[in-house]
Amino acid sequence: MKDIQSLESWSVVKNGGPIAIAGPCSAESEEQLMDTCRQITEEIGITLLRAGIWKPRTRPGSFEGIGEEGLKWFANVKKELNMPITTEVANAQHVELALKYGVDVLWIGARSTVNPFTIQEIADALKGVKDVPVMIKNPINPDVALWKGAIERIYGAGVRQIAGIHRGFSSFEKTQYRNVPMWKLAIALKTELPNLPLICDPSHIGGTRDLIYPVSQKAIDLDFDGLMIETHRDPDNAWSDASQQVTPKRLAEILNEVNIKKSTTDAEEVNSKLDDLRGKIDRLDNELLEVLSQRMNVVGEIGDYKRENNLTVFQAGRWIDIFQNRPEQAAKLGLSKAFMEQLFKLVHDESIRLQTAVVNTEKA
Ligand code: PEP
Ligand code: MN
């Protein structure tokens, strides 16, 4: 899937750089949608306007979206504000209607990504439809393969403008987040699909307004390509996700405050200084590897010696000693104790594995 396009080459994304997607969780009325979107575009330059037309609700009885009528309003917003628009699609009919009303970018929600039947239905509806970008949210459960599978199905339909959206993962335990972010998982997906642009949805991760800024900053620090932030002209009275939506004014503040970092630069001085520092790291890593290799050789010698003298591989006293001593020594050198505990646990596990192999080898 090498030819997934970067955001810079997406037809709707002008000027490259991180993209900002904003708009209400749900379209509620034509006036609410138009007014919210107008305020957003007046407050700050964003890339794409979002609004949910069909809402997947966890329990029945909540507002389930305005439906096709809302697409007419959204099409008017697009025309009046001259902005591209995006909405969630969860079945073939949604795809057909969204495209009919000129929706520029589609997104697939977390509850759809979990279901390969749903994804395949959407993929089939997209076959032969050229050039519509599709953003695919992570499934609600932390499963990289499922997320990747959904991307592969959409890619298989011929779609080349694809992005992943990290919107966090469900958990039974109550946490400060509505959906716990698992950055490692998003990075694992990016490692498998290096060309895939990644967008963060701090609104569904955070669940409350005060978490939008820190989660956005974290995503940008991790080199995410964009943010999708739910924005409503009157968040407290929103028909869905009231506690996590921000006003257009607050959106502008957040996007201005988020310290956008670049992953590369053209500045020669900066690059040469970075090269120097990286050279140092390379040399130190070499030394680290040398030392580790020597340590493991000594471990082998100890194994031989233990075998000859009929001693056990694991000796609790020695292990407790190492496990207490090393982190304390490390702390004195300014290293984190927790990190050293983890590191020495790994080193010790590997030593035990090596010694067990040595002790169990027949004497030549
Ligand atoms: C949304 O973006 O409004 C939405 C329903 O998101 P998710 O699929 O992440 O819950
Ligand atoms: Mn929402």
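Rules used in this analysis
- Residues numbered from 1 in each chain as written.
- Chains lettered and ligands numbered in written order.
- Predicted model: local features only at pLDDT ≥ 70, side-chain atom pairs only at ≥ 80, totals over all residues.
- Heavy atoms only, no water.
- Near = heavy atom within 4 Å.
- Polar contact = N/O pair within 3.5 Å; in protein donor to acceptor, adjacent residues only side chain to side chain.
- Nonpolar A, V, L, I, M, F, W, Y, C, P; charged D, E, K, R; others polar.
- Helix = DSSP H or I, 4+ residues; strand = E, 2+ residues; numbered from the N terminus.
- Buried < 20%, exposed > 50% of the residue type's maximum accessible area, 1.4 Å probe, protein only.
- Expected span 1.5 Å × (residues − 1).
- Contact = heavy atoms within 4.5 Å.
- Axes fitted to C-alpha atoms, helices over the stretch in contact; angles between N-to-C directions.
- Parallel < 35°, antiparallel > 145°, perpendicular 65-115°, else oblique.
- Left-handed = near helix turned anticlockwise from the far one by under 90°.
- Donors = N, O, S within 2.8 Å, 3.2 Å for Na, K, Ca; no water.
- Phe/Tyr/Trp six-rings, centres within 6.5 Å; stacked < 30°, edge-to-face > 60°.
- Lys NZ or Arg CZ within 6 Å of the ring centre and 35° of its normal.
- Patch = residues over 30% accessible without salt bridge, like charges linked within 9 Å, V, L, I, M, F, W, Y side chains within 5 Å.
- Areas by Shrake-Rupley, 256 points an atom, 1.4 Å probe, with all protein chains shown as cover.
- Salt bridge = Lys/Arg side-chain N within 4 Å of Asp/Glu carboxyl O.
- Pairing = 2+ DSSP bridges.

Engineer: Can you walk me through the site of ligand 1 in this structure?
Structural biologist: Around ligand 1 sit Cys25, Arg50, Lys55, Glu88, Trp107, Gly109, Ala110, Arg111, Lys137, Arg167, His204 and Glu230, and that is every residue in its neighbourhood. Between ligand 1 and the protein, one listed contact pairs an oxygen atom with a side-chain N or O atom of Arg50 at 2.8 Å. Within the side chain of Glu230, a nitrogen or oxygen atom sits 3.3 Å from an oxygen atom of ligand 1. Of the residues in the shell around ligand 1, the class split is 3 nonpolar, 2 polar and 7 charged.

Engineer: What's the story with the environment of Leu292 in this structure? I'm lost.
Structural biologist: Its place among the elements puts Leu292 in helix 11 (residues 268-308). With relative accessibility at 37%, the residue Leu292 sits in the partly exposed group. Put simply, Leu292 and Ser6 are 286 residues apart on the chain and 40 Å apart in space, counted from C-alpha to C-alpha.

Engineer: What exactly am I supposed to notice about helix 6 (residues 144-156) here?
Structural biologist: Each α-helix turn comprises 3.6 residues. Residues three or four places apart therefore point the same way. Under the 1.5 Å per step criterion, the end-to-end length of helix 6 is 18 Å for 13 residues, consistent within 8% with the ideal 18 Å. For helix 6, the full list of buried residues reads Val144, Trp147, Lys148, Gly149, Ala150, Ile151, Ile154 and Tyr155. Its buried side turned inward, helix 6 meets strand 4 (105-108), helix 4 (110-113), helix 5 (116-126), strand 5 (134-137), strand 6 (162-166) and helix 7 (183-192). One side-chain oxygen of the residue at the start of helix 6 lies 3.1 Å from the amide nitrogen of Ala145, identifying that residue as Asp143. Backbone geometry just after helix 6 places Gly158 at a positive phi near 100 degrees.

Engineer: Before we go on, may I ask you to explain the packing of helix 11 against helix 13 (residues 337-359) in this structure?
Structural biologist: In a packed pair of helices, the relevant descriptors are the angle between the two axes and the axis-to-axis distance. Taken N-terminus to C-terminus, the directions of helix 11 and helix 13 make an angle of 40 degrees; their axes are 8 Å apart at the nearest point. Considered as vectors, helix 11 and helix 13 are oriented oblique to each other. In this structure, helix 11 crosses over helix 13, and the sense of that crossing is right-handed. Listed contacts from helix 13 to Leu292, Arg295, Met296, Val299, Gly300, Ile302, Gly303, Asp304, Lys306 and Arg307 of helix 11 are Val347, Glu350, Ser351, Leu354, Gln355, Val358 and Val359. Taken together, the residues of the contact of helix 11 with helix 13 break down into 8 nonpolar, 4 polar and 5 charged.

Engineer: Can you help me understand the coordination of the manganese ion (ligand 2) in this one?
Structural biologist: For a metal with four donors in a tetrahedral arrangement, the ideal angle between donors is 109.5 degrees, while six donors in an octahedron ideally sit at 90 or 180 degrees. On the protein side, the manganese ion (ligand 2) has Cys25 (SG), His204 (NE2), Glu230 (OE) and Asp241 (OD) as donor atoms, found 2.1 to 2.4 Å from it. Coordination of the manganese ion (ligand 2) draws on donor residues from a single chain, spaced C-x178-H-x25-E-x10-D in sequence. Taken together, the residues Cys25 in the loop between strand 1 (19-23) and helix 1 (30-43) and Asp241 in the loop between strand 8 (226-230) and helix 10 (248-257) connect sequence positions 216 residues apart.

Engineer: Looking at this model, I keep getting lost on the packing of aromatic side chains. Mind explaining?
Structural biologist: Tallied over the entire structure, the rule returns 3 aromatic pairs. Relative to Trp239, the ring of Phe63 lies with its centre 5.0 Å away and its plane at 90 degrees, an arrangement referred to as edge-to-face. Here Trp239 lies in the loop between strand 8 and helix 10 and Phe63 lies in the loop between strand 2 (48-50) and helix 2 (68-81), a separation of 176 residues in the sequence. Exposure remark for Phe63: the relative accessible area of 19% places this residue in the buried category. On the numbers, 4.9 Å between centres and 45 degrees between planes, the contact of Trp319 with Phe323 is tilted. A residue pair is termed a helical-turn pair when its members lie 3 or 4 positions apart in one helix, as Trp319 and Phe323 do in helix 12 (residues 316-332) at 4 residues. The lysine or arginine in question, Arg160, covers the ring of Tyr155, its NZ or CZ lying 3.6 Å from the ring centre.

Engineer: What should I look at first to understand a nonpolar patch on the surface in this one?
Structural biologist: Together, Leu333, Leu335, Phe339 and Leu343 line one region of the surface with nonpolar side chains, adding up to about 390 Å² of accessible area. A relative accessible area of 38% means that Leu335 is categorised as partly exposed.

Engineer: Sorry, what's going on with the sheet that holds strand 4 here?
Structural biologist: The strands making up a sheet associate through hydrogen bonds between their backbones, and the pairing can be parallel or antiparallel. Spatially, the 8 strands close up into a barrel ordered 1-2-3-4-5-6-7-8, and their pairing is parallel. Across this sheet, the average inter-strand angle for adjacent strands is 25 degrees, counted without regard to direction.

Engineer: Hey, could you run me through the packing of helix 5 against helix 6 in this one?
Structural biologist: Between helix 5 and helix 6, the least distance of the axes is 8 Å, while the angle of their chain directions is 20 degrees. Taken together, helix 5 and helix 6 sit at an angle that is classed as roughly parallel. Helix 6 is crossed by helix 5, and the crossing has right-handed handedness. Along the contact surface, helix 5 presents Pro116, Ile119, Gln120, Ile122, Ala123 and Leu126, while helix 6 presents Ala150, Arg153 and Ile154. Class assignment for the residues of the contact of helix 5 with helix 6 results in 7 nonpolar, 1 polar and 1 charged.

In short, geometric facts, not functional conclusions.
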